[in-house]
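Working through the structure, step by step
Here are the chains, one letter per residue:
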Amino acid sequence: MRRQVAWHLGLGQELGNVFWAMVGLEASYGAYSGIWPLWIEHLGAPVAIVGLMLGASGVLRLLVIAPSAHLGERFATRNLILIARSFTFLGMAGAALATHWPQLLVLVVGSAIGEITFPLIQSHVAEHAAANRVRAFTLVFNVGPAVAFGLAPLVSGAAIAFWGMRAAFLLGAGFTAVSMYFFSRLSRRDRVHHEARPQSTYREALMQPGVVPLLALQSATIFSLSLGISLLPNFLADMRGFAPATVAILGGVGSFGSVLFGLAVTRSPFLQRSPFLAAALASCGVMVTLAVCATSLAQWPIVIAFLGRGGLWSAWGLFVAGLGDVVGDDPHRARAFALSEMLGGTAFFSAPMVAGQLYTFAPVAPILVSLAMALAMAPVLLWSQRRLARGGVEAPPVEPELI
């Protein structure tokens, strides 16, 4: 008999709401991210200011995420997320109504405040996922967002064609409202007995076995992969003759590849029990993309190879899932996830700065350095997986699921 796929994809009602909330969240970003630099410039900002505005959100992100665990210990996760995403909603609406570039600071600040969502919801998923933690993290933070990020620009592009660039930000605000609806459906049980929970500090979280090595692996992997892909659109336009529209479509190809890999993880109990091995495979997908882009003069092999581009997001999500397995139900879990977001975000936002310097030396230089670093990281990830298994942290057998 044919099985019917439930709306929560076998995750249960609580995590099903998280899944659809993350779909809306990622769709809101995908709706405007492609034209965000163009909108800043359109409203009168010089190129130097455009770069500053793009980097400012990364700096503010660190300041916002740092107190997230402390707040999460005192207030309900659902309420904190709804408040944070309200600022993001107002920021997008403000960007749509802006008439001069300084007014866009409302979105820079609002989106940074909204980033507090990630460590809070990661801790929430880890708390409710039980034995299927890797599968839950893959669906919630990889498959769903990748689908949304691949489709949202298409809808946004059609809206922009009819109503101009402001429509992208209004669409993003609409998707944010959808995500807030599903976040509002989360339970408030995490608020019970907050006072009875052991208190934690970031120092204590770092002292937990396995946390520091995992965070170091995550940061190094994200930096090495981001170094190559951050200026890949510029390389394809300047050195391979890709039109801007084609480069935009390639982003959707990468998201589709991320979806395929995420679904493979959800169907493979072996990969779910081996998050570092899965992260190494995801990194290999990015390496294939970079290698083909660096060597092929024809466009069609690059388009096919771009299926591996989404391996960065897949690897990032797998590291977060691995962190959930290492920390388990430890009282330091919330701060461990906050550290993961802060260090991973720092690696992601700092890589383009280094890539820019390498690009001025030679356009292919960021790709080659990224490939060398990623190749060096692959055996380290495999060794870490063996050590994780020997340490007894390996996840228990996973039951077959609906998807």
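See above for the structure.
Bear in mind that the values here come from a model prediction, so they are computed numbers and not experimental data.

Our next topic: the overall build of the chain. What the chain contains, in helices and strands, is 19 helices and zero strands. Per-residue burial for the chain yields a buried fraction of 53% across its 403 residues. For the chain, restricting intrachain contacts to residue pairs at least 6 apart in sequence, the fraction spanning at least 24 positions comes to 83%. Roughly 17600 Å² of accessible area belongs to the chain as shown, and the carbon and sulfur atoms make up 70% of that amount.

Turning our eyes to something else, we now look at the packing of aromatic side chains. Scanning the model with the defined rule gives eight aromatic pairs in all. Plain terms: the ring middles of Trp39 and Phe169 are 5.9 Å apart, the flat faces sit at 40° to each other, and that makes the pair tilted. Of this pair, Trp39 sits in helix α2 (residues 36-42) while Phe169 is found in helix α9 (residues 166-183), placing the two residues 130 residues apart along the sequence. Here the two residues Trp39 and Phe169 agree in accessibility, since each one is buried. A centroid spacing of 6.1 Å and a plane angle of 15° characterise the contact between Trp313 and Trp316, whose relative ring orientation is stacked. Of this pair, Trp313 and Trp316 both sit in helix α17 (residues 311-327), three residues apart, which is roughly one turn of the helix. The buried category is assigned to Trp316, whose relative accessible area is 11%.

This part covers the packing of helix α1 (residues 13-32) against α9. Running from N to C, α1 and α9 point in directions that differ by 170°, and their axes come no closer than 8 Å. With respect to α9, the element α1 is oriented roughly antiparallel. Mapping the contact onto sequence places Asn17, Trp20, Ala21, Met22, Gly24, Leu25, Ala27, Ser28, Ala31 and Tyr32 in α1 and Ala168, Phe169, Leu171, Gly172, Phe175, Thr176, Ser179, Phe182 and Phe183 in α9. The residue inventory of the contact of α1 with α9, partitioned by class, reads 13 nonpolar, six polar and no charged.

Turning our eyes to something else, we now look at a nonpolar patch on the surface. Residues Phe256, Leu260, Trp300, Ile304 and Leu307 make up a contiguous nonpolar surface patch of roughly 540 Å² in combined accessible area. Of all the elements in the fold, those that place two or more residues in the nonpolar patch are α13 (244-267) and α16 (299-305). For Phe256, a relative accessible area of 48% puts it in the partly exposed group.

Ranked by internal contacts, the top residues of the largest apolar core, which has 93 residues, are Met22, Val125, Phe183 and Leu236. No other element matches the eleven residues that helix α15 (residues 275-295) contributes to this core. Ignoring any residue separated from it by four or fewer positions in sequence, one finds Phe183 in contact with Ala21, Met22, Leu25, Arg78, Ile81, Leu82, Arg85, Thr117 and Ile121. Counting residues in hydrophobic clusters, the runner-up holds 18 residues, among them Tyr32, Ile35, Met92 and Leu104.

Time to look at the side chain of Glu26. Relative to the elements of secondary structure, Glu26 occurs in helix α1. Buried charge without a partner: Glu26 forms no salt bridge, and the closest opposite charge is Arg85, 8.2 Å away. Excluding its chain neighbours within four sequence positions, the residues that come into contact with Glu26 are Pro145, Ala148 and Phe149.

Turning our attention to the environment of Ala177. As for its position among the elements, Ala177 is in helix α9. Separated by 153 residues in the primary sequence, Ala177 and Gly24 place their C-alpha atoms 8.0 Å from one another.

Further remarks concern the packing of α1 against helix α7 (residues 117-129). Two elements in contact, α1 and α7, have axes whose closest approach is 10 Å; the angle formed by their N-to-C orientations is 155°. With respect to α7, the axis of α1 lies roughly antiparallel. Crossing of α1 against α7: the hand is left-handed. Contact with α1, carried on its side by Glu14, Leu15, Val18, Met22 and Leu25, involves Thr117, Phe118, Ile121, His124, Val125, His128 and Ala129 of α7 and no other residues of that element. Residues of the contact of α1 with α7, tallied by class, amount to eight nonpolar, three polar and one charged.

Procedures and definitions
- Residues numbered from 1 in each chain as written.
- Predicted model: local features only at pLDDT ≥ 70, side-chain atom pairs only at ≥ 80, totals over all residues.
- Heavy atoms only, no water.
- Helix = DSSP H or I, 4+ residues; strand = E, 2+ residues; numbered from the N terminus.
- Buried < 20%, exposed > 50% of the residue type's maximum accessible area, 1.4 Å probe, protein only.
- Contact = heavy atoms within 4.5 Å.
- Areas by Shrake-Rupley, 256 points an atom, 1.4 Å probe, with all protein chains shown as cover.
- Phe/Tyr/Trp six-rings, centres within 6.5 Å; stacked < 30°, edge-to-face > 60°.
- Axes fitted to C-alpha atoms, helices over the stretch in contact; angles between N-to-C directions.
- Parallel < 35°, antiparallel > 145°, perpendicular 65-115°, else oblique.
- Nonpolar A, V, L, I, M, F, W, Y, C, P; charged D, E, K, R; others polar.
- Patch = residues over 30% accessible without salt bridge, like charges linked within 9 Å, V, L, I, M, F, W, Y side chains within 5 Å.
- Salt bridge = Lys/Arg side-chain N within 4 Å of Asp/Glu carboxyl O.
- Core = buried A, V, L, I, M, F, W, Y, C linked by side-chain atoms within 4.5 Å.
- Lys, Arg positive; Asp, Glu negative; His and termini not counted.
- Left-handed = near helix turned anticlockwise from the far one by under 90°.

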